[in-house]
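Inside the fold
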Amino acid sequence: MKTMSKVFVGIGHGGSDPGACANGLRESDIVLDMGLELTRILRAHNVTVEISRTKDISDDLTPKINRCNKFDPDLAVDLHINAGGGVGFEAFHYHKGGTSKVLAQNIEAEVKKMGQHSRGLKTRLNADGQDYFGWIRMVNAPSVILEAAFIDNVDDVQKIRTIEGRKKFALAYAKGILNTLGIKYRENGSEGQENDMGAIYEKYEDIPEFGKPIIKKLMDKGALKGDSSGKINIPHEILRLYVVHDRLGVYDK
């Protein structure tokens with residue numbers, strides 16, 4: 001069966017860069033466990049996934065971004081663990097909102113359901129008024145940075161110390177991603193699903209969540225109209241191109 005959606009999973013740090021370290025733990029190890037489980041769950045739901053690393057090796061940002069853009073995913077996430085005395089989950093998204101913000105909102109909702117406090121959804125700009133983080137600024141797909149917990153917080157660390165705890169975050173992330181893609185979560189994966197790259201969306205209501213913001217924008221502008229019966233008939237691959245072009249600001253001119 002052909003897959004319908006593609007997700008790139010970035011794993012923070014690795015190799016000579018362990019990331020944040022405290023309480024006998026390393027960020028690079030924690031997020032790798034989360035990323036491997038997240039990848040497993042998404043693939044079980046018939047999503048094509050590329051993960052930036054599967055073992056403890058160096059994973060520099062620019063090559064990771066280049067690989068992500070070459071993969072051309074529908075969505076992209078980069079997994080991290082926080083430090084610095086705070087507590088809870090937080091996510092950074094594209095400063096103009098869109099599908100990036102929707103993805104962050106959907107993931108945050110699932111993280112809160114698992115019992116983790118949320119510090120909120122955030123944006124950060126550089127001196128030029130662009131997104132500060134290269135992952136969000138340079139990745140073509142709607143992208144987010146996910147900070148699951150604080151490695152130096154006495155309460156948070158208990159949630160990420162064990163494999164079981166890390167898998168809970170991975171499941172929350174997966175549910176949020178699947179919701180954004182319009183794919184129903186199934187405990188046993190994608191058995192019985194009929195996701196197909198050849199899908200054609202006849203009506204706006206049929207569009208997966210990740211594509212609705214740009215389709216609404218184009219329809220409001222009058223750039224996209226239905227046929228005499230009101231059907232828009234958008235192929236999945238064309239929808240993905242609309243999303244990428246919107247992320248690059250093509251339709252803001």
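Residues numbered from 1 in each chain as written. Predicted model: local features only at pLDDT ≥ 70, side-chain atom pairs only at ≥ 80, totals over all residues. Heavy atoms only, no water.

What to know about the side chain of Lys6
With respect to the helices and strands, Lys6 occurs in strand E1 (residues 6-11). The buried charged residue Lys6 lacks any salt bridge partner; its closest oppositely charged side chain belongs to Asp72, at an N-O distance of 5.2 Å. Those residues in contact with Lys6, other than ones at most four positions away along the chain, are Val47, Thr48, Phe71, Asp72, Pro73, Asp74, Leu75 and Arg240. (Helix = DSSP H or I, 4+ residues; strand = E, 2+ residues; numbered from the N terminus. Buried < 20%, exposed > 50% of the residue type's maximum accessible area, 1.4 Å probe, protein only. Lys, Arg positive; Asp, Glu negative; His and termini not counted. Salt bridge = Lys/Arg side-chain N within 4 Å of Asp/Glu carboxyl O. Contact = heavy atoms within 4.5 Å.)

Re unusual backbone geometry
One non-glycine residue, His13, adopts positive backbone phi at about 65°. Tracing the sequence through the fold places His13 in the loop between E1 and strand E2 (21-22). A relative accessible area of 22% means that His13 is categorised as partly exposed. Look at Asn23: it is not a glycine, yet its phi comes out positive at around 55°. Here Asn23 shows up in the loop between E2 and strand E3 (25-26).

Some points on the packing of aromatic side chains
Geometry of an aromatic ring pair is reported as the spacing of the ring centres plus the angle between the planes. On inspection of all chains with the given rule, the structure shows 6 aromatic pairs. Here the aromatic rings of Tyr132 and Phe133 are separated by 5.1 Å at their centres, their planes lie at 85°, and the arrangement is edge-to-face. Of the residues examined, Tyr132 reaches a relative accessible area of 39% and is grouped as partly exposed. Phe133 gets classed as partly exposed once you look at its relative accessible area, which sits at 23%. For Lys64, the ring lying beneath its charged end belongs to Trp135, and the centroid distance is 5.7 Å. Above the ring of Tyr185, the side-chain terminus of Lys175 is found at 5.0 Å from the ring centroid. (Phe/Tyr/Trp six-rings, centres within 6.5 Å; stacked < 30°, edge-to-face > 60°. Lys NZ or Arg CZ within 6 Å of the ring centre and 35° of its normal.)

Comments concerning the pattern of salt bridges
Taken as a whole and assessed by the stated rule, the structure comprises 15 salt bridges. Its salt-bridge partner being Lys64, residue Asp78 comes within 2.9 Å of it at the nearest N-O pair. Placement of Asp78 in strand E5 (residues 75-82) and of Lys64 in helix H2 (residues 61-71) is noted, with a sequence separation of 14 residues between them. Residue class for Asp78 comes out buried when judged on its relative accessible area of 3%.

Brief notes about the sheet that holds strand E8 (residues 143-150)
Across the sheet, 6 strands lie side by side as E4-E1-E5-E8-E6-E7; this open sheet has mixed pairing. In this open sheet, the two strands that pair with only one neighbour each are strand E4 (48-51) and strand E7 (118-122). Looking at each pair of strands side by side, their axes are set apart by 15° on average, direction ignored. Across 4 bridges, the pairing between strand E6 (residues 89-93) and E7 is parallel. Its bridge partner lying in E7, Phe92 is registered against Lys122. Against the sheet, helix H3 (residues 98-113) contacts E5, E6, E7 and E8, and its axis sits at roughly 170° relative to E6. (Pairing = 2+ DSSP bridges. Axes fitted to C-alpha atoms, helices over the stretch in contact; angles between N-to-C directions.)

Quick look at helix H7 (residues 212-221)
Residues of H7 that are buried: Lys212, Ile214, Ile215 and Leu218. The arc enclosing the buried residues of H7, seen along the axis, measures out at 165°, which places them on a common side. For H7, the exposed residues lying more than 90 degrees away from the buried face are Asp220 and Lys221. Summarising the contacts, the buried residues of H7 are in contact with strand E10 (234-235) and helix H8 (236-247). Taken from the residues just after H7, Gly222 is the one with a positive phi, measuring 80°. (Arc of directions from axis to C-beta.)

Some points on H2
Restricting attention to buried positions, one finds in H2 the residues Lys64, Ile65, Cys68 and Phe71. Buried residues of H2, seen end-on, are gathered within an arc of 125° and therefore sit on one face of the element. Structurally, H2 contributes buried residues whose contacts are with E1, E4, E5 and helix H4 (134-138). Just beyond H2, the residue with positive phi is Asp72, at close to 60°.

Focus on the packing of H3 against helix H6 (residues 163-181)
Packing of H3 against H6 brings their axes to within 8 Å, and their N-to-C directions diverge by 140°. By the criterion of interaxial angle, the relationship of H3 to H6 is oblique. Along this stretch, H3 crosses H6, giving a crossing that reads as right-handed. Side by side, H3 and H6 meet where Thr99, Val102, Leu103, Asn106, Ile107, Glu110 and Val111 of the first sit next to Phe169, Ala172, Tyr173, Lys175, Gly176, Ile177, Asn179 and Thr180 of the second. Residues that form the contact of H3 with H6 fall into these classes: 8 nonpolar, 5 polar and 2 charged. (Parallel < 35°, antiparallel > 145°, perpendicular 65-115°, else oblique. Left-handed = near helix turned anticlockwise from the far one by under 90°. Nonpolar A, V, L, I, M, F, W, Y, C, P; charged D, E, K, R; others polar.)

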